[in-house]
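These are the residues of each chain, in order.
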Amino acid sequence: QVQLVETGGGLVQAGGSLRLSCVASGRTFSLFDIGWFRQVPGKERDFVATINWGGNIEQYADSVKGRFTISRDNTKTTVYLQMNSLKSEDTAVYYCGAAPVNSGRYSYWGQGTQVTVSS
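Residues numbered from 1 in each chain as written. Predicted model: local features only at pLDDT ≥ 70, side-chain atom pairs only at ≥ 80, totals over all residues. Heavy atoms only, no water.

Colleague: Would you mind showing me how to read the overall build of the chain here?
Modeller: A count of helices and strands for the chain gives 0 helices and 11 strands. The globule rule puts the C-alpha radius of gyration for 119 residues at 14 Å, and the 13 Å found for the chain is close to it. For the chain, the C-alpha atoms occupy an extent of roughly 40 × 30 × 20 Å along the three principal directions. In the chain, which comprises 119 residues, the proportion classed as buried is 40%. (Helix = DSSP H or I, 4+ residues; strand = E, 2+ residues; numbered from the N terminus. Rg over C-alpha atoms; globule rule 2.2 N^0.38 Å. Buried < 20%, exposed > 50% of the residue type's maximum accessible area, 1.4 Å probe, protein only.)

Below is the structure:
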């Protein structure tokens, strides 16, 4: 199994920046694709960005393209989400998810970190 812990959430002014981190652990933590998702209470969990096991294929939701950047360290231990030009619509709980390589099935989740963007 893989364990995930998100950090870096907080309160930020609109137009500001925030950097989230997702630390993965476990004997097979490097055998997973990692994604960032966000959710507001009462709404569906939305895809934000994903990065593959090799760290060379990135995908972004249209709503965050050009503003957010996902990256993965060389050891595959940590995945980051750099969020720039934040908008109030970005306010949500952000979750790190893991999927077996190339499966697209995100079945492992962290506890989430709250991001609040004030206007």
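Once the structure has been displayed, the description carries forward.
Colleague: Where do I start with the pattern of salt bridges in this structure?
Modeller: Any two side chains of opposite charge can pair if their charged atoms end up close together. By the definition in use, this model includes 3 salt bridges. Arg38 is the salt-bridge partner of Asp90, the closest N and O atoms lying 2.8 Å from each other. Here Asp90 is found in the loop between strand S8 (78-83) and strand S9 (92-100), whereas its partner Arg38 is found in strand S4 (residues 32-39), with 52 residues between them in sequence. Between Asp62 and Lys65 there is a salt bridge, and its shortest N-O distance comes to 3.2 Å. A single salt-bridge network, built from bridges that share partners, covers Arg38, Arg67 and Asp90. (Salt bridge = Lys/Arg side-chain N within 4 Å of Asp/Glu carboxyl O.)

Colleague: Explanation requested: the environment of Ile70 in the structure shown.
Modeller: Residue position: Ile70 is located in strand S7 (residues 68-72). For Ile70 and Ala49, which are 21 residues apart along the polypeptide, the C-alpha to C-alpha distance reads 6.6 Å.

Colleague: Explain the state of the cysteines to me, please; I cannot follow it from the model alone.
Modeller: In this structure the tally under the stated criterion is 1 disulfide. Each sulfur of the disulfide joining Cys22 and Cys96 lies 1.8 Å from the other. Between Cys22 and Cys96 the disulfide shows an S-S torsion of about -70 degrees. By sign, it is left-handed. Note that Cys22 is positioned in strand S3 (residues 18-25) and Cys96 in strand S9, a separation of 74 residues in sequence. (Disulfide = S-S within 2.5 Å.)

Colleague: Whenever I open this one, the pairing of S4 confuses me. Can you help?
Modeller: For a regular strand, the rule is simple: side chains alternate between the two faces of the sheet. Across the 8 residues of S4, 7 count as buried, placing the element largely inside the fold. Relative to S9, S4 runs antiparallel, the two sharing 8 bridges. Across the sheet, the residue bridging to Phe32 is Pro100, located in S9. Direction of pairing for S4 relative to strand S5 (residues 46-51): antiparallel, over a ladder of 5 bridges. Note that in S5 the partner of Trp36 across the bridge is Ala49. (Pairing = 2+ DSSP bridges.)

Colleague: Help me out: how do you make sense of the sheet that holds S3 in this one?
Modeller: Adjacent strands of a sheet pair through backbone hydrogen bonds, lying either parallel or antiparallel. Judged by pairing direction, the sheet is antiparallel, and its 4 strands sit side by side in the order S1-S3-S8-S7 without closing on themselves. The open sheet terminates on both sides in strands that have one partner only, identified here as strand S1 (3-7) and S7. Mean inter-strand twist for the sheet, computed between neighbouring axes without regard to direction, equals 15 degrees. (Axes fitted to C-alpha atoms, helices over the stretch in contact; angles between N-to-C directions.)

Colleague: What is the right way to look at the packing of aromatic side chains in this model?
Modeller: In the structure shown here, the tally under the stated rule is 4 aromatic pairs. Ring centres 5.1 Å apart and planes at 65 degrees place the aromatic pair Phe37 and Tyr106 in the edge-to-face group. Here Phe37, found in strand S4, pairs with Tyr106, found in the loop between S9 and strand S10 (108-109); they are 69 residues apart in sequence, far enough to count as distant. Classification of Phe37 as buried rests on a relative accessible area of 9%. (Phe/Tyr/Trp six-rings, centres within 6.5 Å; stacked < 30°, edge-to-face > 60°.)

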